[in-house]
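Observations on chain architecture
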Amino acid sequence: MKTIDGLYFYEFILLVLGVLLFITLLIILIVFVIQKRHLKELIILFFLSIIMIGYPSIQKIVYDNGVVTIETYATAIAKDSSNTDQRSKLEMTLKKIERRQTMNYKTLIEFGKAQAILGDTVRAEKLVDRALLISPDFSEARMLQTKFNTPQVQIEKLIAGIKENPGNTSLKTELEAKIS
């Protein structure tokens, strides 16, 4: 699962079809060699299969580098919170990388830490909760969940829920109860 983590569905399908095409072409190549036929027709298809395999591979490398970059920026900002250049780079990298679906709980924790460093603790808590759904025994996620589960964050989460769905009366009453 780690090999395809961070790939969009179409990239995964492209990778699988590219591998299948490559294997099929190898079989056809053996048949052509046995029959002593020309191989010109197969060359284009080999290039196509290599491109089909290569594109998702490149996207995976870009994704992995982005995750490492996020960790680096988050560490730098944690050490020097006044560094606005690092902060803006972290925000940009997070926007690019975070859209991709990931099932790696450690990556989700890194995204959560980065969001918390940027000041969005509600989003950080959601990412930590997703990580705990994947791996309930992950101690770092448990620690971050208790750290983020403060009354202020709970109120911010309720406000965000009300903004998304203004007609939800249960969220409004829960918010009133928390505030009082």
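Structure report, in brief. (Residues numbered from 1 in each chain as written. Predicted model: local features only at pLDDT ≥ 70, side-chain atom pairs only at ≥ 80, totals over all residues. Heavy atoms only, no water.)

**Side note on a nonpolar patch on the surface**
Under the convention used in this document: Residues enter patches when they are more than 30% accessible in relative terms and free of salt bridges; like-charged ones are connected within 9 Å and nonpolar ones (Val, Leu, Ile, Met, Phe, Trp, Tyr) within 5 Å. Here, Shrake-Rupley sampling with a 1.4 Å probe gives the accessible areas, and only protein chains in the shown set may cover a residue. Counted as salt bridges are all cases of a side-chain nitrogen of Lys or Arg within 4 Å of a carboxyl oxygen of Asp or Glu. Going along the chain from the N terminus, every DSSP run of H or I of four or more residues is numbered as a helix, and every run of E of two or more is numbered as a strand.
Among the surface-exposed residues, Phe-9, Ile-13, Val-16, Leu-17 and Leu-20 lie close enough to one another that they form a single nonpolar patch of about 470 Å² accessible area. Examined against the element boundaries, Phe-9 turns out to sit in helix H1 (residues 9-35).

**As for the nonpolar core**
Soluble globular proteins tend to pack their nonpolar side chains together in the buried interior. This is how it is decided: Think of a nonpolar core as a cluster: buried Ala, Val, Leu, Ile, Met, Phe, Trp, Tyr and Cys residues, connected wherever their side-chain atoms sit within 4.5 Å. Only protein chains enter the calculation, and the probe is 1.4 Å; a residue is then buried if its accessible area is under 20% of its type maximum, exposed if over 50%, and partly exposed in between. We call two residues in contact when some of their heavy atoms are within 4.5 Å.
Of all hydrophobic cores here, the largest spans 21 residues; its most connected members are Ile-70, Leu-90, Ile-109, Phe-111 and Val-128. Looking at this core, the elements that each hand over two or more residues are helix H2 (40-79), helix H3 (84-98), helix H4 (105-118), helix H5 (121-134) and helix H6 (139-148). In this structure, Phe-111 is in contact with Tyr-63, Val-67, Ile-70, Leu-94, Ile-97, Glu-98, Thr-102 and Leu-127, ignoring residues within four places of it in sequence.

**Some points on the side chain of Ser-49**
Positionally, Ser-49 belongs in helix H2. What makes Ser-49 buried here is its relative accessible area of 0%. Residue contacts for Ser-49: discarding those within four places in its chain leaves Gly-18, Leu-21, Phe-22 and Leu-25.

**As for the packing of H2 against H4**
Keep this limit in mind: Helix axes use the C-alpha atoms of the stretch in contact, all axes being lines fitted to C-alpha atoms, and the angles between their N-to-C directions lie in the range 0 to 180 degrees. Angle categories: roughly parallel below 35 degrees, roughly antiparallel above 145, roughly perpendicular from 65 to 115, and oblique for all the rest. Handedness of each helix crossing follows the sense of rotation of the near helix against the far helix: counterclockwise by less than a right angle gives left-handed, clockwise gives right-handed. Side-chain classes are defined by residue name, with Ala, Val, Leu, Ile, Met, Phe, Trp, Tyr, Cys and Pro counting as nonpolar, Asp, Glu, Lys and Arg as charged, and the others, Gly among them, as polar.
Contact geometry for H2 and H4: axes closest at 10 Å, N-to-C directions at 40°. Our classification of the angle between H2 and H4 gives oblique. With respect to the hand of their crossing, H2 and H4 are arranged in left-handed fashion. In this structure, H2 contributes Tyr-63, Val-67, Ile-70, Glu-71, Ala-74, Ile-77 and Ala-78 to the contact, and H4 contributes Thr-107, Glu-110, Phe-111, Ala-114 and Ile-117. Of the residues in the contact of H2 with H4, the class split is 9 nonpolar, 1 polar and 2 charged.

**Some remarks on the pattern of salt bridges**
All chains considered together, the criterion is met by 4 salt bridges. Between Asp-64 and Lys-60 there is a salt bridge whose closest N-O contact spans 3.2 Å. Linking Asp-64 with Lys-60, this pair stays in helix H2, spanning 4 residues, or about one helical turn. Overall, the relative accessible area of 12% leaves Lys-60 in the buried class. With a closest N to O distance of 2.4 Å, Lys-113 and Glu-140 form a salt bridge. Of this pair, Lys-113 sits in helix H4 while Glu-140 sits in helix H6, and the two are 27 residues apart along the sequence. The class for Lys-113 is partly exposed, based on a relative accessible area of 25%. A relative accessible area of 25% places Glu-140 in the partly exposed class. Salt bridges sharing common partners tie together Glu-110, Lys-113 and Glu-140.

Read these as layout, nothing more, since geometry by itself doesn't imply function.
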